[in-house]
Structure formats: C-alpha cells, structure tokens
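Working through the structure, step by step
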Amino acid sequence: CLAQKPGSPGLGCIVVGTTASSKIGGYGRIVQLKTHLGHPQKLVPQRAIHVRNSAVNSGAIHVTDTGYILALRTTDALKHRQRTETTMEAFHNKTGKLAATWSLPTDVNWLTLSGGGQFLLILGLRPKPWGFE
C-alpha cells in the first residue's frame, strides 16, 4: 500500500481484523481503514473486505507489498472438535475479492503469519512436539 495524504480518495493502508459474538455464534470481519476527513489523526472504517462466520484472531492478517491481504482462517472440525482446519486466504487489496486459498497441515495449530519481500512466515505449534527416538 502506498502512503497517501490525509483525506485522499484512495484506499486506506491499514487493515484490521474484528471479532464479535452473538447468540447464534461468533463472526469476524477484515476491515480496511482510512483517515477521517476532518481529523487526520483518526482512523475510520472504509470498507469490509471480508465477513466470515469465525473470529479473526490476533496476528492472522498480513498485507503484502504485491497488493494482497493474507488471512489465516481456522475452523474446528465438526465431528470430534479435537483437530482444527486452517486455510490461508489471499484477497486482492483493491477489489477485496478472494484470489486464492491454501489448506495448511492439520497436525499443527497455526497461530500467526508475517512476511517481507519475497518471504512469508507462518508460525504454529504441534500438539505433540517432535522428539528424538
């Protein structure tokens, strides 16, 4: 995202995840923020890029310098609730449309993602750590 002058009509550079709950269940949104026209030190929502029926966890969003927003989406397995399924989703920064999804290995509890340049780091914990035999 290129830096913009306060009040400019372009898309905002800051993307956040929100989480809420209702009587039916939890949901979350990926929201793009922009500066307030009259108060350049304040941020206000510009648009919801994606609404989902699961929370957007801390550290689950990364904005790339190539124009994509990456987000981890974790859902509980329906039958046993012991194993989670995590996918990484890529949304186009300008349109907000889903561009691609990748399923991540299910033997890891995926926590966060980050990156820079040509590199992407996804951090997770194994329920049963690897060890020497």
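For the structure given in this document, a descriptive report is provided here. (Residues numbered from 1 in each chain as written. Predicted model: local features only at pLDDT ≥ 70, side-chain atom pairs only at ≥ 80, totals over all residues. Heavy atoms only, no water.)

Along the polypeptide, tryptophan 110 turns up in strand 8 (residues 109-116). Owing to a relative accessible area of 18%, tryptophan 110 belongs among the buried residues under this scheme. Separated by 37 residues in sequence, tryptophan 110 and arginine 73 place their C-alpha atoms 9.4 Å apart. Only 2.9 Å separates the side chain of tryptophan 110 from the backbone oxygen of proline 105, close enough to count as a polar contact. (Helix = DSSP H or I, 4+ residues; strand = E, 2+ residues; numbered from the N terminus. Buried < 20%, exposed > 50% of the residue type's maximum accessible area, 1.4 Å probe, protein only. Polar contact = N/O pair within 3.5 Å; in protein donor to acceptor, adjacent residues only side chain to side chain.)

Here we take up the pattern of salt bridges. Applying the stated criterion across every chain yields a total of 3 salt bridges. Measuring nitrogen to oxygen at the nearest pair gives 3.6 Å for the salt bridge that ties arginine 73 to glutamate 89. Within this pair, whereas arginine 73 is found in strand 5 (residues 68-76), its partner glutamate 89 is found in strand 6 (residues 84-92), the two being separated by 16 residues in sequence. Pair check on accessibility: arginine 73 and glutamate 89 agree, each one buried. Close ionic contact of arginine 126 with aspartate 107 constitutes a salt bridge, the shortest N to O distance being 2.6 Å. Here arginine 126, found in the segment after strand 9 (119-125), pairs with aspartate 107, found in the loop between strand 7 (98-103) and strand 8; they are 19 residues apart in sequence, far enough to count as distant. Arginine 126 gets classed as partly exposed once you look at its relative accessible area, which sits at 46%. By relative accessible area, which is 35% here, aspartate 107 ends up partly exposed. What you see here is one network of salt bridges that share partners, running through Arg52, Arg73 and Glu89. (Salt bridge = Lys/Arg side-chain N within 4 Å of Asp/Glu carboxyl O.)

Turning our eyes to something else, we now look at the sheet that holds strand 3 (residues 43-52). The strand order across the open sheet built from 3 strands is 1-2-3, with neighbouring strands paired in antiparallel fashion. This sheet does not close on itself; its edge strands, each paired only once, are strand 1 (14-21) and strand 3. The average undirected angle you get between the axes of adjacent strands in this sheet is 35 degrees. As defined by bridge partners, strand 1 adjoins strand 2 (residues 26-35) across 8 bridges and the pair is classed as antiparallel. Across the sheet, valine 16 pairs through a bridge with valine 31, a residue of strand 2. (Pairing = 2+ DSSP bridges. Axes fitted to C-alpha atoms, helices over the stretch in contact; angles between N-to-C directions.)

Before going further, it helps to examine the pairing of strand 7. The pairing of strand 6 with strand 7 spans 5 bridges and is antiparallel. Residue pairing for strand 7: threonine 87 is matched across the bridge by serine 103. Remark: 5 residues form the turn of the hairpin made by strand 6 and strand 7, two consecutive strands paired antiparallel; glycine 96 in that turn has positive phi of roughly 80 degrees.

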